[in-house]
Amino acid sequence: MSELEIIEKSELTETEKTTLFKWGEDLWDNDRYGLTWCGTDVHFVGYLNEKAVTHSGVYGHVLSRDGHEIRLGGLNSVITTPDARGKGYGSLIVGAAEDHMQHTGSFDFGMLFCHPELEDFYGPRGWTAIDGPVTIDQPTGPRRTPHTVMVMPFTDSDWQDGPLELNSFPW
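Residues numbered from 1 in each chain as written. Predicted model: local features only at pLDDT ≥ 70, side-chain atom pairs only at ≥ 80, totals over all residues. Heavy atoms only, no water.

**Structural notes on the overall build of the protein chain**
Per the secondary structure count, the protein chain includes three helices and 10 strands. For the protein chain, the sequential pattern of α-helices and β-strands runs β-α-β-β-β-α-β-α-β-β-β-β-β. In summary, the protein chain has a C-alpha radius of gyration of 16 Å against a globular reference of 16 Å for 171 residues, a match within 12%. Dimensions of the protein chain along its principal axes, counting C-alpha atoms only, are 50 × 35 × 30 Å. Across the 171 residues that make up the protein chain, the buried fraction comes to 46%. (Helix = DSSP H or I, 4+ residues; strand = E, 2+ residues; numbered from the N terminus. Rg over C-alpha atoms; globule rule 2.2 N^0.38 Å. Buried < 20%, exposed > 50% of the residue type's maximum accessible area, 1.4 Å probe, protein only.)

**Notes on the nonpolar core**
Ranked by internal contacts, the top residues of the largest apolar core, which has 18 residues, are Leu72, Met111, Phe113, Ile130, Trp159, Leu166 and Trp171. The set of elements that each furnish at least two residues to this core consists of strand E3 (51-65), strand E4 (68-80), strand E5 (109-114), strand E7 (134-136) and strand E9 (148-153). It is E5 that contributes the most residues to this core, three residues altogether. Not counting chain neighbours up to four residues away, the residues in contact with tryptophan 171 comprise Trp37, Cys38, Tyr59, His61, Leu72, Gly74, Leu75, Asn76, Met111, Leu112, Phe113 and Leu166. Core analysis: the next-biggest nonpolar cluster, separate from the first, contains 17 residues, Ile93, Cys114, Tyr122 and Met150 among them. (Core = buried A, V, L, I, M, F, W, Y, C linked by side-chain atoms within 4.5 Å. Contact = heavy atoms within 4.5 Å.)

**Here we look at the environment of aspartate 108**
Summarising the element assignment, aspartate 108 is placed in the loop between helix H2 (89-104) and E5. A residue is classified by how much of its surface remains accessible, and aspartate 108, at 11% relative accessible area, is buried. Put simply, aspartate 108 and leucine 72 are 36 residues apart on the chain and 6.1 Å apart in space, counted from C-alpha to C-alpha. Sequence-distant contacts of aspartate 108, that is, excluding residues within four places in its chain, are made with Glu69, Ile70, Arg71, Met152, Pro153, Phe154 and Thr155.

**Some points on the side chain of histidine 61**
Checked against the element boundaries, histidine 61 lands in strand E3. Looking at histidine 61, its side chain comes within polar contact range of the main-chain oxygen of leucine 166, at 2.8 Å. Each residue touching histidine 61, except ones within four places of it in the same chain, is listed here: Ile70, Arg71, Leu72, Leu166, Asn167, Ser168 and Trp171. (Polar contact = N/O pair within 3.5 Å; in protein donor to acceptor, adjacent residues only side chain to side chain.)

**Some remarks on the sheet that holds strand E6 (residues 128-129)**
Here we have seven strands laid out as an open sheet, ordered E1-E2-E3-E4-E5-E9-E6, and mixed in their pairing. Each edge of the open sheet is held by one strand with a lone partner, namely strand E1 (5-9) and E6. Judged from the 11 bridges that link them, E3 and E4 form a sheet pairing that is antiparallel. Considered in E4, the bridge of histidine 55 is made with isoleucine 79. Each of E1, strand E2 (42-48), E3 and E4 is contacted by helix H1 (residues 14-21), which is oriented at about 95° to E3, the strand it contacts most. (Pairing = 2+ DSSP bridges. Axes fitted to C-alpha atoms, helices over the stretch in contact; angles between N-to-C directions.)

**Brief notes about the sheet that holds strand E10 (residues 164-165)**
Within the open sheet, the three strands sit side by side as E8-E7-E10. Their pairing is mixed. Edge positions in the open sheet fall to strand E8 (143-144) and E10, since each of these has one partner strand only.

**Some words on the environment of aspartate 31**
Looking at the secondary structure, you find aspartate 31 in the loop between H1 and E2. Along the backbone, aspartate 31 and alanine 97 are 66 residues apart, and their C-alpha atoms lie at a distance of 25 Å.

**A closer look at the state of the cysteines**
Applying the stated criterion across every chain yields a total of zero disulfides. Cysteine 38 takes part in no disulfide bond, and the closest cysteine sulfur to it belongs to cysteine 114, at a distance of 17 Å. (Disulfide = S-S within 2.5 Å.)

**Observations concerning unusual backbone geometry**
Note the cis peptide between glycine 132 and proline 133, where omega equals 0°. For aspartate 26, which is not glycine, the phi dihedral falls at a positive 45°. If you trace the backbone, aspartate 26 turns up in the loop between H1 and E2.

Pasting the structure below:
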């Protein structure tokens with residue numbers, strides 16, 4: 001087995017976009033919600049033999065809550081191509097994004113949106129599901145997210161549960 005090489009990038013090539021995100025329909029099982037999503041500020045791409053096989057992204061968002069600024073690093077677009085699954089590459093690529101958020105991104109917390117069945121993947125890594133509810137922006141107006149929202153602290157701050165207005169599209 002070849003070793004995974006992880007590269008941080010500000011943009012993906014068209015070939016990388018096709019290889020990573022166009023091998024199937026509704027890859028994250030989210031089309032049913034009809035949501036508009038944020039983009040990605042920083043991409044982490046894992047390559048095997050110079051072919052992109054796994055990806056994670058980080059989106060930076062500043063939230064004002066009870067008069068305090070909270071800097072969020074949004075983990076997004078986590079995916080591994082079918083032929084590269086089951087080899088631990090997902091953990092490695094998520095680890096690269098987490099490391100960036102904790103050490104490079106100056107974020108207070110990481111935040112992600114996922115389906116409940118993925119809590120078992122993220123929980124042991126230090127992510128915790130929050131109670132919310134979390135309201136996200138959409139072109140038609142604010143609405144509650146249909147996803148589980150999880151956070152990971154990167155400072156000594158404790159996450160304060162309760163209703164949250166994200167004032168942003170989800171990532």
